[in-house]
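One letter stands for each residue in the lines below.
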Amino acid sequence: MRTLTLLFLLMTLFSCEKRVPTISKSSEGDKLQREGVELLQKNNIESYSKLQEALIYYIKEKDSSKISKTLIVQSIAQNYTGDVIGSEETLVEALKYMKKGDESYYSVFGSLGNLKYDQKDYIEAEEWFSKALTEKIDDFDERVNLMNNLSVSKYRQGKYDSALEILQQINQSKVKKDNLKNRINENILFIKWLKNKNNSIEKEIEELLKHKIQTDDFWGVNTSYSHLAEINQIKNPEKSLFYAKKMLENAIKIKSPEDRLEAMERILLVNPSNPKENFNSYKKLSDSIQKSRNNYRKSFAYIKYDSEKKEIDNQRLRNDKIENQNSILRLYIGTAILIVIIIIIIVLYRRRQLKLKQEKELEVKNTQLKMSKKVHDVVANGLYHMMIDVQNNPEMDKTKILNDIEKMYEESRDISHENIAEKDFAPRFINMITSYSSEEQRVLPVSYKESIWENIPYNTQLELYYIIREILVNMKKHSKAKLASVKFEKNDKNLIIRYTDNGVGIADLEQQKGTGIHNTENRIESIGGDITFEKNPTGGLIIEITIPIQSKYV
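Description of the structure in this document.

Conventions used here
- Residue numbers run consecutively from 1 along every chain, following the written order of its sequence.
- Side-chain atom pairs in this predicted model are given and counted only at pLDDT of 80 or more, local residue features only at pLDDT of at least 70, and totals for whole chains, interfaces and linings cover all residues.
- Note that the side-chain values use all heavy atoms of the structure and ignore hydrogens as well as water.
- Put simply, DSSP marks the helices as runs of H or I at least four residues long and the strands as runs of E at least two long, and each gets a number from the N terminus on.
- Whether a residue is buried, partly exposed or exposed follows from its accessible area with a 1.4 Å probe, protein chains only, as a fraction of its type maximum: under 20%, in between, or over 50%, in that order.
- Here the open area of atoms and residues is found with the Shrake-Rupley method and a 1.4 Å probe, where only the protein chains shown may cover a residue.
- By convention in these notes, a salt bridge is any Lys or Arg side-chain nitrogen within 4 Å of a carboxyl oxygen on Asp or Glu.
- When two rings of Phe, Tyr or Trp (its six-membered ring) have centres within 6.5 Å they constitute a pair, described as stacked for plane angles under 30 degrees, edge-to-face for angles over 60, and tilted for the intermediate range.
- Here, expected helix span is obtained from the residue count minus one, scaled by 1.5 Å.
- Paired strands, in this sense, are two strands between which DSSP finds at least two bridges.
- An axis is simply a line fitted to the C-alpha atoms; with a helix, the fit covers only the stretch in contact. Between two such axes, the angle follows the N-to-C directions and lies from 0 to 180 degrees.
- Roughly parallel refers to an angle under 35 degrees, roughly antiparallel to one over 145, roughly perpendicular to one between 65 and 115, and oblique to any angle outside these ranges.
- Crossings are classed by handedness, with left-handed meaning an anticlockwise turn of the near helix from the far one by less than a right angle and right-handed meaning a clockwise turn.
- Only heavy atoms matter for contacts: two residues are in contact if any of them lie within 4.5 Å across the pair.
- Asp, Glu, Lys and Arg are counted as charged, while Ala, Val, Leu, Ile, Met, Phe, Trp, Tyr, Cys and Pro are counted as nonpolar; the rest, among them Gly, fall into the polar class.
- Each patch groups residues whose relative accessible area exceeds 30% and which form no salt bridge, using 9 Å between like charges and 5 Å between nonpolar side chains of Val, Leu, Ile, Met, Phe, Trp and Tyr.
- Two N or O atoms count as a polar contact when they lie within 3.5 Å, although within protein this holds only if one can serve as hydrogen donor and the other as acceptor, and sequence-adjacent residues are included solely when both atoms are side-chain atoms.

When its secondary structure is counted, the chain shows 20 helices and five strands. Taking all 554 residues of the chain together, 43% fall into the buried category. In the form shown here, the chain has an accessible surface area of approximately 32,000 Å², with 53% of it arising from carbon and sulfur atoms.

Below you can see the structure in the form of structure tokens.
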């Protein structure tokens, strides 16, 4: 199973290379990689070493595709020598550099399944083979090979029905390779025998064995010898011994130490003669194989360590040279930076002095603007409001007029001082609105309640007083409206005041904004609110003011 899986993996890797042109085919890394591939099986140590040198080049170039493919070939070299654990570690490292959708993904998963199978970890082998089969596999034979391996890992766990179902669903008419067909058919027969050992399958397996010998499928021949030895182990020990010896003979021929061990195990089970000699031969071979694997594993580890150490030493030398050059460069840069810092300090100092001067001038100007705005809001609009009030109420009490004048006088006198909350603000606010109502122009407050000012700071209340008065003054001066309304809404988040009239509106808002509208917008901004102007669909103007109750300004 191992050899066929590795063959599929190599075919996948180099078919990908043909379809995807490399960036630098003549590079030293590519040359070393090709040499390493050519040495596979001939000299796996030398092959691994060449591939390790190629890796150094690819790591410098940060070419993840070539890094992963080189690691995969390294794992194949390790697997050929029996270094199963090392091969597995290398494949896992290769997976870190691979991207989802890489054509060799499924082959790597299949190889990991094969390695786990060799370690007799059949549960994890099943998981890897299943994972491989979820990937896109264009070649039908490769998919069938993985299905066969999945089936074998299942029957090793005693899952005979599940293993048999996988093999029986394969359409063998599409399978191109004869040796793969033979494996499938023999596994189907063997699983049926495992389910019911009264099944007679020996002749059919012997026919498959003849076909394998004719097609030089010597790895497949050993599988048949193993199955025939196991089938005859109880009922015909002599025949079992015959096939076990044939398996040993073939294993020596194809240089498969694992098959030699299995053959010797089977000989020990059915050959009562010379048990001590046979056991000693088995142990000697087992120790020799383990020693060989350990030696290979040490050699691979040393090659990797030596390669990485050389690269670290070379990098250290390069770093030392660069550090010397950088020391000189830092000296020049440090001097230049010092000069630049001195220049910057001088420039910043002068700019700071200029900025302080400009800030003082701006502060004076803003104070003047602020005072001008307050004079406009308090005095100009106050006088106009009184005029409107007197005009709309010709029978107004003289005392009320004097009180209003006194109130305006106090506001103008305290124009630069902080506002102090007044107790009668709520009725004063509604009285201000209704005072603009006359027989010719009706101004209607809607949904106004004194409780609407709860949780609204006094400075916000006063600003809204001036804003609404500004709007009503403009209405009186310019709108020619017959009807206007001021609607109040309040929820947990906002206070909303919506003014609507049926006057002439504003034809071009941006060009016709006067001091009053600018003041209104500035006041709204100062208390963190928002104001919008829009045309009334039925004619006139709509102004909506939104004040956030939880605003940082209130």
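A complete count under the given rule lists 19 salt bridges for this structure. Notably, a salt bridge pairs Lys66 with Asp30, separated by 3.1 Å at the nearest N-O pair. One end of the pair, Lys66, is in helix α4 (residues 64–80); the other, Asp30, is in helix α2 (residues 28–38), and 36 residues separate them in sequence. Under the relative-accessibility criterion, Lys66 is labelled buried at 6%. For Asp30, a relative accessible area of 5% translates into the label buried. One salt bridge connects Glu202 with Lys239, and the closest N-O pair in it is separated by 2.5 Å. A residue pair is termed long-range when its members are at least 10 positions apart, and Glu202 in helix α11 (residues 202–214) and Lys239 in helix α13 (residues 237–254) qualify at 37 residues. In this structure, a network of salt bridges that share partners links the residues Glu202, Glu206, Lys235 and Lys239.

Next up on the list: the packing of aromatic side chains. Per the counting criterion, the structure on display carries 16 aromatic pairs. Summarising the aromatic geometry, the rings of Phe425 and Tyr458 are spaced 5.9 Å apart at their centres and angled 80° between planes, so their arrangement reads as edge-to-face. Here Phe425 is found in helix α17 (residues 425–434), whereas its partner Tyr458 is found in helix α18 (residues 458–479), with 33 residues between them in sequence. Classification of Tyr458 by relative accessible area gives buried; the value is 14%.

Turning our attention to helix α14 (residues 257–270). Counted at 1.5 Å a residue, the expected span for α14 with its 14 residues is 20 Å, and the 20 Å between its end C-alpha atoms agrees. Among the residues of α14, Asp259, Leu261, Ala263, Met264, Arg266, Ile267 and Val270 are the ones counted as buried.

Once that is clear, we can look at the pairing of strand β3 (residues 494–501). Looking at chain direction, strand β2 (residues 483–490) and β3 are connected through seven bridges and run antiparallel. Across the sheet, residue Lys487 finds its bridge partner in β3, namely Arg498. Bridge count between β3 and strand β5 (residues 541–548): eight bridges; the pairing is antiparallel. The residue of β5 that forms the bridge with Ile497 is Ile545.

In contact at an axis separation of 11 Å, α2 and α4 are set at 25° when each is read in the N-to-C sense. Compared by their axis directions, α2 and α4 come out roughly parallel. Handedness of the α2/α4 crossing: left-handed. For the pair α2 and α4, contact is made by Asp30, Gln33 and Val37 and by Lys66, Lys69, Thr70 and Val73, respectively. By residue class, the composition of the contact of α2 with α4 is two nonpolar, two polar and three charged.

Moving on, we get to the environment of Ile123. Of note, Ile123 is situated in helix α7 (residues 122–133). In this structure the C-alpha to C-alpha distance between Ile123 and Gln157, which are 34 residues apart in sequence, comes to 7.5 Å.

Here we come to the sheet that holds strand β4 (residues 530–535). Taken in spatial order, the five strands of this open sheet run β1-β2-β3-β5-β4, and their pairing is mixed. Two strands lie at the open edges of the sheet, namely β1 (442–446) and β4, each paired on one side alone. Across this sheet, the average inter-strand angle for adjacent strands is 10°, counted without regard to direction. Contacting β1, β3 and β5, α18 runs over the sheet at an angle of about 10° to β3.

Take the packing of helix α6 (residues 105–118) against α7 next. Two elements in contact, α6 and α7, have axes whose closest approach is 8 Å; the angle formed by their N-to-C orientations is 165°. With respect to α7, the element α6 is oriented roughly antiparallel. As α6 packs across α7, the resulting crossing turns out to be left-handed. For the pair α6 and α7, the contacting residues are Tyr106, Phe109, Gly110, Leu112, Gly113, Asn114, Lys116 and Tyr117 in the first and Tyr122, Glu124, Ala125, Trp128, Phe129, Lys131 and Ala132 in the second. Grouping the amino acids of the contact of α6 with α7 by side-chain chemistry returns nine nonpolar, three polar and three charged.

Here the focus is unusual backbone geometry. Of note, the phi angle at Ser447 is positive, near 60°, even though the residue is not glycine. Within the element layout of this structure, Ser447 appears in the loop between β1 and α18. Overall, the relative accessible area of 45% leaves Ser447 in the partly exposed class. Here Lys480, not a glycine, exhibits a phi torsion of approximately 60°, which is positive.

Compared with an ideal rise of 1.5 Å per residue, which puts 22 residues at 32 Å, α18 spans 30 Å between its outermost C-alpha atoms and is within 8% of the ideal. Just beyond α18, the residue with positive phi is Lys480, at close to 60°.

Taken together, Leu329, Ile333, Ile337, Ile341 and Ile345 make up a surface patch of nonpolar side chains, about 430 Å² in accessible area. Position of Ile333 relative to the elements: it lies in helix α15 (residues 275–392).

Another aspect to go through is the environment of Ser437. With respect to the secondary-structure elements, Ser437 resides in the loop between α17 and β1. Judged by relative accessible area, Ser437 falls into the buried class, the value being 17%. Considering only alpha carbons, one finds Ser437 and Ile388, 49 residues apart in sequence, at a separation of 9.0 Å. Of the polar contacts made by the side chain of Ser437, one reaches the backbone nitrogen of Val443; its length is 3.2 Å.

The subject of this paragraph is the pairing of β1. Relative to β2, β1 runs parallel, the two being bridged by five bridges. Residue pairing for β2: Arg442 is matched across the bridge by Leu483.

What follows concerns the environment of Asp217. Mapped onto the secondary structure, Asp217 falls in the loop between α11 and α12 (218–231). It is 9.8 Å that separates the C-alpha atoms of Asp217 and Asn182, two residues lying 35 residues apart in sequence. Excluding its chain neighbours within four sequence positions, the residues that come into contact with Asp217 are Asn179 and Lys212.

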